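Examination of the molecular architecture
As a plain string of letters, each chain reads:
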Amino acid sequence: MAHASDLISDDIEAYLKEHERKDLLRFITCGSVDDGKSTLIGRLLHDSKMIYEDQLAAITQASKTAGTTGDEVDLALLVDGLQSEREQGITIDVAYRFFSTDRRKFIIADTPGHEQYTRNMATGASTASLAVILVDARHGVQTQTRRHSFIADLLGIQHLVVAINKMDLVDYSQERYEEIVAEYQEIAGKLNAPDIRFVPLSALKGDNVVNPSEAMDWYRVDGKQGPALLELLETVEITHDQNLRDLRLPVQYVNRPNLDFRGYAGTLAAGVMSPGQKVRALPSGKVSTVERLVTWDGDLEAAYPGDAITVTLEDEIDISRGDWLVAENDEVPLATSFEADIVWMHETALEPGKLYDIKLATRDVAGKVAAIDYQVDVNTLEHRHADHLDLNAIARCALELTAPVPVDDYRTSPGTGSFIIIDRLTNITVGAGMIHRPLESELPYEFREHDSKASVVWNRTSVTQAMREQLNGHAGKCVWFTGLSGSGKSSLANALEVELNRRGYHTMLLDGDNIRHGLCKDLGMGEADRTENIRRVGEVARLFAEAGIIVITAFISPFRADRDAARALFDEGDFIEVHVDTPLDICEQRDPKGLYQKAREGRIADFTGISSPYEAPPQAEVTLKGAEHGQQELLAQLIKRVI
Ligand SMILES: Nc1ncnc2c1ncn2[C@@H]1O[C@H](COP(=O)(O)OS(=O)(=O)O)[C@@H](OP(=O)(O)O)[C@H]1O
Ligand SMILES: Nc1ncnc2c1ncn2[C@@H]1O[C@H](COP(=O)(O)OP(=O)(O)O)[C@@H](O)[C@H]1O
């Protein structure tokens with residue numbers, strides 16, 4: 001290889017060592033072949049001597065036959081040649097090219113042409129610190145310039161270099177250059193990127209790419225001629241881009257080679273981690289102290305973003321893959337829904353409501369796009385309504401997950417604030433997203449353990465309620481009967497189940513008499529035991545509903561607070577309270593089991609309605625007048641409220 005450094009042939013070890021110390025700039029080039037993108041990349045590789053000598057010989061030869069540059073070497077052939085090579089193999093949309101100078105190492109993400117631009121650009125830009133946006137000096141700012149700038153900005157790239165190319169074709173005109181700069185300033189006003197620079201160049205002739213241009217000595221910054229594009233790439237300050245304020249370690253896996261060692265391995269996404277530091281595990285909220293930072297090359301005193309480390313903690317706390325370690329005082333909201341910008345990357349459109357796998361840092365969780373707030377027209381930057389997203393669409397959406405996750409803003413922590421969307425059937429990545437803000441955050445950790453809803457609903461199963469429901473063809477829910485003994489609960493609940501079954505619904509009936517022979521056989525009829533009875537029934541009902549089943553319960557459940565506690569286990573609309581409102585005297589007349597008589601005679605204690613209270617529901621979803629209508633009529637009233 002014709003690299004500048006003689007060390008390669010003299011002392012390869014020393015060369016590699018030198019390389020290791022250099023920092024790395026990842027950047028993306030945006031533009032089409034027409035803008036001179038391939039020529040520019042070819043020029044950077046050529047002038048920094050990162051071309052194999054045989055490659056150079058080959059393109060010199062090819063330039064003479066196929067090139068478009070007369071006697072000069074057509075550097076575009078180099079890149080295009082690599083490109084066609086690439087296209088023969090498995091299709092990868094982004095080519096990464098490497099080159100280095102004495103000051104820095106570079107990785108260029110080169111995304112081909114116009115086609116499928118958004119998907120490719122988003123992939124290439126996701127790890128880039130800088131974007132070179134190519135503008136043809138003859139045409140000035142174009143629709144695609146706007147599009148490229150917007151996408152780079154959306155992905156949080158902080159440094160934009162607008163490379164105004166083909167200056168040789170406008171006679172190296174300073175006036176033309178300034179016109180384009182002024183045109184671009186209009187776009188710049190709408191972008192978040194704090195650092196936007198302009199370079200006039202000719203990739204073909206080599207002006208201002210690696211060496212300052214003699215033809216454009218008017219191009220000066222701070223009174224000095226230049227900088228050429230390469231100097232700019234070599235000197236742009238990127239260390240400040242890293243988030244060192246917060247601390248984020250998404251756990252990739254738990255390393256437990258033997259009983260004496262338990263380490264949490266992952267790549268530090270933000271912050272500086274060091275032994276002695278207090279950390280909090282999310283989502284559990286448990287706190288511990290960093291003991292060691294273990295790496296292949298020995299323990300570290302401090303780890304920085306991008307470092308792959310294994311952390312050991314002073315306490316044994318329960319941490320699994322997908323959990324995060326953050327600084328004790330970092331406030332990270334936990335939420336099941338958040339707002340995000342999504343880039344759709346697949347031919348099959350995104351459908352709101354469809355369940356996908358969402359991979360967020362190292363965590364996998366099922367979720368759906370609950371709503372598309374608006375789609376952005378990438379050419380005009382206008383917002384418009386959309387009910388689905390086609391390939392390459394970009395939209396602001398509301399996502400809902402089946403479990404709460406820690407939510408970071410992409411702009412402050414790109415590593416933890418971004419996610420990919422995977423089709424559950426094909427396992428293909430179909431979209432990527434950048435989180436904006438949580439929508440409904442959970443209670444702070446210290447309160448969460450007392451929140452029964454949080455602890456019951458959010459388990460870590462991969463098959464979710466929505467998937468079970470999809471398989472069953474209907475949603476799971478609970479129809480909760482309440483009423484006095486003899487009011488008609490059991491008969492109605494039974495009739496309802498028969499009818500639902502006839503209509504093809506999956507059901508389960510939990511009846512007071514039956515449950516009290518098994519699950520609750522240890523419980524009596526005192527107040528505390530009835531409360532415990534209803535609590536257990538509520539939990540079991542919740543599990544059945546989660547299995548995608550319509551669960552019907554028939555218990556006196558005389559206390560309002562107990563029924564409300566059961567209701568709280570369900571999502572709104574999934575708990576239908578049915579009050580079988582039959583007056584006590586009618587129930588007593590019916591007395592099918594002779595219990596009222598026994599109660600009156602004092603042979604049964606705590607009998608509901610006689611010696612124990614019944615608190616009627618003030619606002620049941622359905623009230624059935626058990627003494628006024630026959631069973632068929634009551635069933636007809638009920639069924640239309642249930643399905
Ligand atoms: N003291 C007392 N009070 C009320 N009911 C009694 C009592 N002792 C036994 N039984 C029989 O138990 C059935 C009620 O059980 P539940 O589990 O529904 O009661 S509760 O919800 O826990 O209050 C109830 O069934 P139903 O008549 O079907 O309601 C009675 O048959
Ligand atoms: N709508 C109704 N009209 C008349 N009798 C009814 C009605 N619903 C139920 N019954 C009768 O009332 C008695 C008690 O009904 P049941 O369903 O066992 O009540 P619960 O489960 O509330 O104790 C049964 O003999 C049943 O046939």
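For clarity, every value in this text was computed on a predicted model and none was experimentally measured.

With that out of the way, let us pick up the overall build of the protein. The number of helices and strands found in the protein is 19 helices and 27 strands. When each of the 643 residues of the protein is scored for burial, the buried share is 51%. Accessible surface, the protein: about 30,200 Å² in total, of which carbon and sulfur atoms supply 49%.

With that settled, consider the sheet that holds strand β13 (residues 287-294). The sheet built from seven strands is open, its strands ordered β9-β15-β12-β13-β14-β11-β10 with antiparallel pairing. Each edge of the open sheet carries a strand with a single partner, namely β9 (248-250) and β10 (253-258). Averaged over all adjacent pairs, the angle separating strand axes in this sheet is 40 degrees, with direction ignored. Both β10 and strand β11 (residues 261-267) contribute to a ladder of four bridges, which runs antiparallel. Counterpart to asparagine 255 in the pairing with β11 is glycine 263.

Core analysis: the largest hydrophobic core is formed by 69 residues, its most contacted members being Phe27, Leu160, Ile164, Met167, Tyr184 and Leu233. Setting aside its immediate chain neighbours within four residues, methionine 167 contacts Ala137, Tyr172, Ser173, Tyr177, Pro200, Leu201, Ser202, Met216 and Trp218. The next biggest cluster of nonpolar side chains, apart from the first, holds 26 residues, and it includes Trp344, Leu350, Leu360 and Val430.

A separate point is the UniProt feature "active site" (unreviewed entry) in the protein. Following the UniProt record, the feature "active site" (unreviewed entry) maps to Ser557 here. On the secondary structure map, serine 557 appears in the loop between β25 (550-554) and α16 (560-567). You can call serine 557 buried: its relative accessible area is 2%. Setting aside residues up to four positions removed in sequence, serine 557 forms contacts with Trp480, Phe481, Thr482, Ile534, Arg563 and Tyr614.

Let us now look at the site of ligand 1. Around ligand 1, the surrounding shell holds 21 residues, and the nearest of these are Ser485, Arg516, Arg530, Asn533 and Ser557. One nitrogen or oxygen atom from the side chain of arginine 516 is found 2.6 Å from an oxygen atom belonging to ligand 1. The contact in question runs from a nitrogen atom of ligand 1 to an N or O atom on the backbone of alanine 605, over 3.2 Å. Considered on its own, ligand 1 offers 630 Å² of accessible surface; in the complex 90% of this is hidden by protein. For the shell around ligand 1, the elements supplying multiple residues, two or more each, are α13 (489-502) and α15 (527-546). Looking at the shell around ligand 1 element by element, the count peaks at three residues for α15. Residues that form the shell around ligand 1 fall into these classes: nine nonpolar, six polar and six charged.

Further remarks concern empty space enclosed by the protein. Overall, the coordinates contain two cavities of 30 Å³ or more when judged by the stated rule. Gln465, Gly476, Arg542, Ala545, Phe570, Asp571 and Asp574 are the residues that line the second largest cavity. Residues belonging to the lining of the second largest cavity are distributed by class as follows: two nonpolar, two polar and three charged.

Examined against the element boundaries, isoleucine 108 turns out to sit in strand β3 (residues 104-110). For the pair isoleucine 108 and isoleucine 28, spaced 80 residues apart in sequence, the C-alpha to C-alpha distance is 5.5 Å.

Below, the discussion takes up helix α3 (residues 37-47). Extensive coverage of α3 is indicated by the burial of ten of its eleven residues. Taken as a whole, α3 has its buried residues at Lys37, Ser38, Thr39, Leu40, Ile41, Gly42, Arg43, Leu44, Leu45 and Asp47.

Before going further, it helps to examine the site of ligand 2. In the vicinity of ligand 2, 15 residues are found, and the nearest of them are Gly486, Gly488, Lys489, Ser490 and Ser491. A distance of 2.9 Å separates an oxygen atom of ligand 2 from a polar atom in the backbone of lysine 489. The contact in question runs from a nitrogen atom of ligand 2 to an N or O atom on the backbone of glycine 626, over 3.4 Å. In isolation ligand 2 offers 560 Å² of accessible surface; the protein chains occlude 70% of this area.

A word on the side chain of threonine 289. When you line up the elements, threonine 289 lands in strand β13. Setting aside chain neighbours within four positions, we find threonine 289 in contact with Gly276, Gln277, Lys278, Thr312, Leu313, Glu314 and Asp315.

Counted according to the given criterion, the structure contains 35 salt bridges. One salt bridge connects glutamate 231 with lysine 224, and the closest N-O pair in it is separated by 4.0 Å. Residue glutamate 231 is classed as partly exposed on the basis of its relative accessible area of 29%. With relative accessibility at 52%, the residue lysine 224 sits in the exposed group. Of the charged contacts in the structure, one is a salt bridge between arginine 292 and aspartate 299, with a shortest N-O distance of 2.7 Å. The exposure class of arginine 292 is partly exposed, given its relative accessible area of 33%.

Take the pairing of strand β14 (residues 308-313) next. Extensive coverage of β14 is indicated by the burial of five of its six residues. As judged from the four bridges shared by β11 and β14, these two strands associate in the antiparallel manner. Paired with glycine 266 across the bridge in β14 is isoleucine 309. For β13 and β14, the ladder comprises four bridges, and the chain directions are antiparallel. Bridge pairing in β14 links valine 294 to threonine 310.

Take unusual backbone geometry next. Glycine aside, residues mostly have negative phi, and peptide bonds are mostly found in the trans state. Between glycine 226 and proline 227 the backbone carries a cis peptide bond, its omega angle lying at 5 degrees. Looking along the chain, the bond that leaves leucine 282 and enters proline 283 is cis, with omega of 10 degrees. Checked against the element boundaries, proline 283 lands in the loop between β12 (278-282) and β13. In this model, tyrosine 172 sits at a positive phi of 50 degrees, which is unusual for a non-glycine residue. Checked against the element boundaries, tyrosine 172 lands in the loop between β5 (159-165) and α8 (174-188). Notably, alanine 361 is not glycine yet its phi reads approximately 50 degrees, a positive angle. Within the secondary structure layout, alanine 361 lies in the loop between β17 (356-360) and β18 (363-376).

Cut-offs used in this document
- Residues numbered from 1 in each chain as written.
- Chains lettered and ligands numbered in written order.
- Predicted model: local features only at pLDDT ≥ 70, side-chain atom pairs only at ≥ 80, totals over all residues.
- Heavy atoms only, no water.
- Helix = DSSP H or I, 4+ residues; strand = E, 2+ residues; numbered from the N terminus.
- Buried < 20%, exposed > 50% of the residue type's maximum accessible area, 1.4 Å probe, protein only.
- Areas by Shrake-Rupley, 256 points an atom, 1.4 Å probe, with all protein chains shown as cover.
- Pairing = 2+ DSSP bridges.
- Axes fitted to C-alpha atoms, helices over the stretch in contact; angles between N-to-C directions.
- Core = buried A, V, L, I, M, F, W, Y, C linked by side-chain atoms within 4.5 Å.
- Contact = heavy atoms within 4.5 Å.
- UniProt positions renumbered as here; feature names shortened; annotations may be inferred.
- Near = heavy atom within 4 Å.
- Polar contact = N/O pair within 3.5 Å; in protein donor to acceptor, adjacent residues only side chain to side chain.
- Nonpolar A, V, L, I, M, F, W, Y, C, P; charged D, E, K, R; others polar.
- 1 Å grid on protein atoms, 1.4 Å probe; cavity = no way out; pocket = protein on both sides within 12 Å on 5 of 7 lines; lining within 4 Å.
- Points joined across faces, edges and corners; volume = space filled by probe spheres on them.
- Salt bridge = Lys/Arg side-chain N within 4 Å of Asp/Glu carboxyl O.

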